[in-house]
Amino acid sequence: MPYANQPTLKILELTDENIKFIIEKTDLAVANSLRRVFIAEVCTLAIDWVQIQQNTSVLIDEFLSHRMGLIPLTSDEIVDQLQNFRDCSCVDYCRECSVELTLDVRCNEETPRHVTTRDLISSNLKCIPVTSKVRDHETHGDGSPDDILICKLRKGQHLKMKMYARKGFSKEHNKWSPCSAVGFEYDPDNALRHTTYPMASEWPKSDYSELEEEQSQAVYEVYGKPEKFWYNIESIGSLKPENIVLTGLQVLKKKLMDLQNHFNNEIAKEALYIG
Amino acid sequence: SSGINAEYGEFQTFQHYLIQINLRMNCPDTFEHFLLHGDEKKITVVPDTKVPNAASFTLNKEDHTLGNLIREQLLHEPHVVFAGYKVPHPLVAEVVIRVQTDGEISPQNAFSSALTDLISEVCLLEERYKAALRDKRDLNN
């Protein structure tokens with residue numbers, strides 16, 4: 001306890017898509033591990049099993065399945081309630097570990113029919129494509145609904161599939177990542193000289209820079225260490241940005257606690273052998 | 001879809017079978033990065049034979065996220081003389097952390113207290129984050 005850091009956290013900005021915050025009085029390794037966890041180990045929901053019942057479109061089955069996997073699904077409320085697919089007692093997929101989605105579109109008009117995420121029907125209303133969250137009379141700003149285009153069908157073409165979405169994280173496949181980008185910065189004025197600029201005046205100053213107009217780099221701090229870290233987490237929409245950070249912290253805590261349990265068991269086993 | 005082939009199982013021809021074998025050999029499953037299989041151990045401790053008070057901890061199915069984190073915390077612990085980590089091969093999800101102490105405590109104790117300190121740090125961070133979030137929401141409202 002006395003040798004643990006006592007980090008402080010300050011939230012600069014919180015919107016529906018972004019969260020900007022600062023962590024101070026901690027190590028670079030802690031900050032970096034958090035960044036890695038936000039990107040790779042926070043769970044969301046994504047389609048992972050596709051059964052194609054009818055596909056007379058111009059795109060091949062695998063192509064369409066891949067696209068379905070990449071569709072972001074709202075995961076905020078449901079990801080904690082679902083069981084892990086590998087831990088679930090069912091044989092394949094069930095209501096406890098997955099959400100069933102269906103798509104059934106046939107083009108009957110002369111004009112091409114666009115198959116979008118609006119056509120995706122979910123069995124659980126908490127898990128819908130992120131673009132469907134906006135109701136029909138609202139729009140995404142520029143006046144047109146921003147639904148993701150899956151496929152275009154000509155007259156007579158039919159696309160019908162059944163899908164299961166399960167929870168997972170980005171280490172397994174990037175479709176499960178909740179962040180589109182994680183901005184990470186420390187030492188904006190390069191006082192620690194972690195970067196060597198051939199000509200520092202060529203480079204634009206950071207948003208968090210505290211330099212004067214004429215200065216291009218801060219004075220070199222020989223014994224300095226990175227202490228203040230700026231994060232800017234941009235969410236895809238599947239999880240709220242504040243939930244990404246909260247879940248990330250909980251995941252890192254769980255990883256450390258599980259490791260500690262395994263370690264204590266290992267030590268106990270060794271003690272048994274010696275004694 | 002075609003039925004089960006008598007000779008090659010689900011593969012239609014010998015060529016399909018060979019292609020699948022190659023794909024499976026060259027590209028391991030992505031869940032190998034984190035899934036611990038039945039007989040595998042999460043952590044193995046090997047005392048160092050050449051120097052006193054040193055040990056290597058091999059974490060299975062882990063990467064730089066935990067390796068760098070634990071190494072840096074070990075350097076803050078008292079009585080730790082050496083702490084370093086490596087990922088022996090980028091295709092194999094393993095981290096080796098080497099710790100040497102000055103004898104006052106064992107490397108295992110140092111590792112254990114590093115983990116405890118890290119857990120307390122992340123817990124504190126979580127609390128402070130929740131408080132900051134509440135303040136931000138109150139401000140917005």
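Residues numbered from 1 in each chain as written. Chains lettered and ligands numbered in written order. Predicted model: local features only at pLDDT ≥ 70, side-chain atom pairs only at ≥ 80, totals over all residues. Heavy atoms only, no water.

So, the packing of aromatic side chains
Working definition: an aromatic ring pair is given by the centre-to-centre distance plus the angle between the planes. Stated precisely, the cut-off is as follows: Two rings belonging to Phe, Tyr or Trp (six-membered ring only in the last case) form a pair when the distance between their centres is within 6.5 Å. Interplanar angles under 30 degrees mark stacking, angles over 60 mark edge-to-face geometry, and anything in between is tilted. Secondary structure is summarised from DSSP: a helix means a run of H or I of at least four residues, a strand means a run of E of at least two, and numbering begins at the N terminus for each. Accessibility here uses a 1.4 Å probe with only protein chains present; expressed as a share of the type maximum, an area under 20% marks a residue as buried, one over 50% as exposed, and anything in between as partly exposed. Charge over a ring is defined by NZ of Lys or CZ of Arg lying within 6 Å of the ring centre and within 35 degrees of the ring normal.
Taken as a whole and assessed by the stated rule, the structure comprises 18 aromatic pairs over all chains. On the basis of an interplanar angle of 80° and a centroid distance of 6.1 Å, the ring pair of phenylalanine 38 of chain A and tyrosine 231 of chain A is categorised as edge-to-face. With phenylalanine 38 of chain A in helix α1 (residues 28-40) and tyrosine 231 of chain A in strand β10 (residues 228-235), this residue pair connects regions lying 193 residues apart in the sequence. By relative accessible area, phenylalanine 38 of chain A is classed as buried at 1%. Taken together, a centroid distance of 4.9 Å and an interplanar angle of 15° make the contact between tyrosine 208 of chain A and tryptophan 230 of chain A stacked. Of this pair, tyrosine 208 of chain A sits in the loop between β9 (179-186) and β10 while tryptophan 230 of chain A sits in strand β10; the two residues are 22 residues apart in sequence, bridging distant segments of the chain. The aromatic ring of phenylalanine 82 of chain B is capped on one face by arginine 98 of chain B, whose charged end is 5.0 Å from the ring centroid.

A look at the state of the cysteines
Residue and element names in this part refer to chain A. Cut-off, in case you're wondering: In plain terms, two cysteine sulfur atoms within 2.5 Å form what is called a disulfide here.
This model, assessed by the stated rule, comprises zero disulfides over all chains. Of all cysteine sulfurs, the one in cysteine 94 lies closest to cysteine 88, which takes part in no disulfide; the gap is 3.5 Å. With no disulfide of its own, cysteine 179 has cysteine 43 as its nearest cysteine by sulfur position, at a separation of 12 Å.

Details of the side chain of glutamine 260 of chain A
We apply this condition: Residues are treated as being in contact if the distance between any of their heavy atoms lies within 4.5 Å.
Relative to the helices and strands, glutamine 260 of chain A is located in helix α3 (residues 241-274). Residue classification places glutamine 260 of chain A among the buried residues on the basis of a relative accessible area of 18%. Ignoring anything within four residues of it in the chain, the contact list for glutamine 260 of chain A reads Ser112, Leu115, Thr116 and Ile119 of chain B.

With respect to the pairing of strand β8 (residues 158-168) of chain A
All names here are of chain A. Selection criterion: In short, DSSP must find at least two bridges between two strands for them to pair.
Taking burial as the measure, the 11 residues of β8 include nine buried ones, the bulk of the element. Where strand β3 (residues 44-55) meets β8, 10 bridges bridge the pair, whose relative direction is antiparallel. When the bridges of β8 are listed, leucine 45 appears paired with lysine 167. Two elements, strand β4 (residues 98-106) and β8, share nine bridges in a ladder whose sense is antiparallel. From the neighbouring strand, threonine 102 faces β8, where its bridge partner is lysine 162.

Observations regarding the confidence of the model for chain A
For the record, the criterion: Known as pLDDT, the predictor's confidence for each residue is given on a scale from 0 to 100.
The share of residues in chain A with pLDDT of 70 or more is 95%, and the mean pLDDT across the chain is 91. Looking over chain A, one finds the lowest element-wise mean pLDDT in α3 of chain A, namely 93, and the highest in α1 of chain A, namely 97.

Some words on the sheet that holds β4 of chain A
Backbone-to-backbone hydrogen bonds join strands into a sheet, with any given pair of strands oriented parallel or antiparallel. Residue and element names in this part refer to chain A. The following threshold applies: Between N-to-C directions, angles span 0 to 180 degrees; the directions come from axes that are lines fitted to C-alpha atoms, helices contributing only their stretch in contact.
What the four strands build is an open sheet, ordered β3-β8-β4-β6; its pairing is antiparallel. The open sheet has two edge strands with one neighbour each: β3 and β6 (121-122). In the packing of helix α2 (residues 61-70) onto the sheet, contacts are made with β3, β4 and β8, and the angle to β3 comes to roughly 150°.

A closer look at helix α2 (residues 64-76) of chain B
Think of an α-helix as turning once every 3.6 residues; residues three or four places apart then point the same way. All names here are of chain B. We apply this condition: One less than the residue count of a helix, multiplied by 1.5 Å, gives the span that helix is expected to have.
Taking 1.5 Å per residue as the helical rise, α2 with its 13 residues ought to reach 18 Å, and the 18 Å between its terminal C-alpha atoms agrees with that figure. For α2, a buried count of 10 out of 13 residues is recorded, marking the element as mostly surrounded by other parts of the structure. For α2, the full list of buried residues reads Thr65, Leu66, Gly67, Asn68, Leu69, Ile70, Arg71, Glu72, Gln73 and Leu74.

Observations concerning the confidence of the model for chain B
Do not read the fine detail of predicted coordinates wherever pLDDT is low. Taken residue by residue, chain B gives an average pLDDT of 88. The fraction at 70 or more is 82%. Across the whole predicted complex the pTM is 0.89, and at the interface the ipTM reaches 0.89.

A short note on the sheet that holds strand β1 (residues 8-14) of chain A
Spatially, four strands are ordered β1-β2-β10-β9 (chain A) in an open sheet, and the strand pairing comes out antiparallel. Because the sheet does not close on itself, it has two edges, and the strands there are β1 and β9 of chain A. When the angles between neighbouring strand axes are averaged without regard to direction, this sheet yields 15°. The sheet contact formed by strand β2 (residues 18-24) of chain A and β10 of chain A spans seven bridges and is antiparallel. Across the sheet, residue lysine 20 of chain A finds its bridge partner in β10 of chain A, namely asparagine 232 of chain A. α1 of chain A contacts β2, β9 and β10 of chain A of the sheet and is inclined by roughly 170° relative to β9 of chain A. Here helix α3 (residues 107-140) of chain B sits on the sheet in contact with β1 and β2 of chain A, set at roughly 35° to β1 of chain A.

Observations regarding the packing of α1 of chain A against α2 of chain B
Note the threshold: In this scheme, roughly parallel covers angles under 35 degrees and roughly antiparallel covers those over 145, while 65 to 115 is roughly perpendicular and the rest are oblique. With the far helix as reference, a near helix turned anticlockwise by less than a right angle produces a left-handed crossing, and one turned clockwise produces a right-handed crossing. Gly is placed with the polar residues, together with every amino acid not listed as nonpolar (Ala, Val, Leu, Ile, Met, Phe, Trp, Tyr, Cys and Pro) or charged (Asp, Glu, Lys and Arg).
Closest axis-to-axis distance for the α1 of chain A/α2 of chain B pair is 9 Å, and the angle between their directions is 165°. With respect to α2 of chain B, the element α1 of chain A is oriented roughly antiparallel. Here the hand of the crossing between α1 of chain A and α2 of chain B comes out left-handed. For the pair formed by α1 of chain A and α2 of chain B, the contact residues are Ala29, Val30, Ser33, Arg36 and Val37 of chain A on the first element and His64, Thr65, Asn68, Leu69 and Glu72 of chain B on the second. Grouping the constituent residues of the contact of α1 of chain A with α2 of chain B by class yields four nonpolar, four polar and two charged.

Description of the interface of chain B and chain A
Filter applied, for reference: As a working definition, buried area equals the accessible area (1.4 Å probe) given up by two parts on being put together, with both sides summed. Take a side-chain nitrogen of Lys or Arg and a carboxyl oxygen of Asp or Glu: if they are within 4 Å of each other, that pair is a salt bridge. Polar contact is defined as a pair of N or O atoms within 3.5 Å, subject to the rule that within protein one atom must be able to donate a hydrogen and the other to accept it, and that residues adjacent in sequence are counted only when both atoms are side-chain atoms.
On the side of chain A, 47 residues touch chain B, which itself brings 46 residues to the contact. Both faces considered, chain B and chain A share a buried interface measuring about 4600 Å² in area, 66% of it formed by carbon and sulfur atoms. Summed over the shared surface of chain B and chain A, the number is six salt bridges. Here glutamate 266 of chain A and lysine 41 of chain B are joined by a salt bridge, their closest N and O atoms 3.0 Å apart. Our enumeration of links across chain B and chain A arrives at 18 residue pairs in polar contact (both at pLDDT 80 or more). Looking at the side of chain B that touches chain A, the elements that each hand over two or more residues are β1 (43-47), β2 (54-60), α2 and α3 of chain B. The dominant element in the side of chain B that touches chain A, judged by the number of residues it contributes, is α3 of chain B, at 22 residues. Of the residues contributing to the side of chain B that touches chain A, the split by class is 22 nonpolar, 11 polar and 13 charged.

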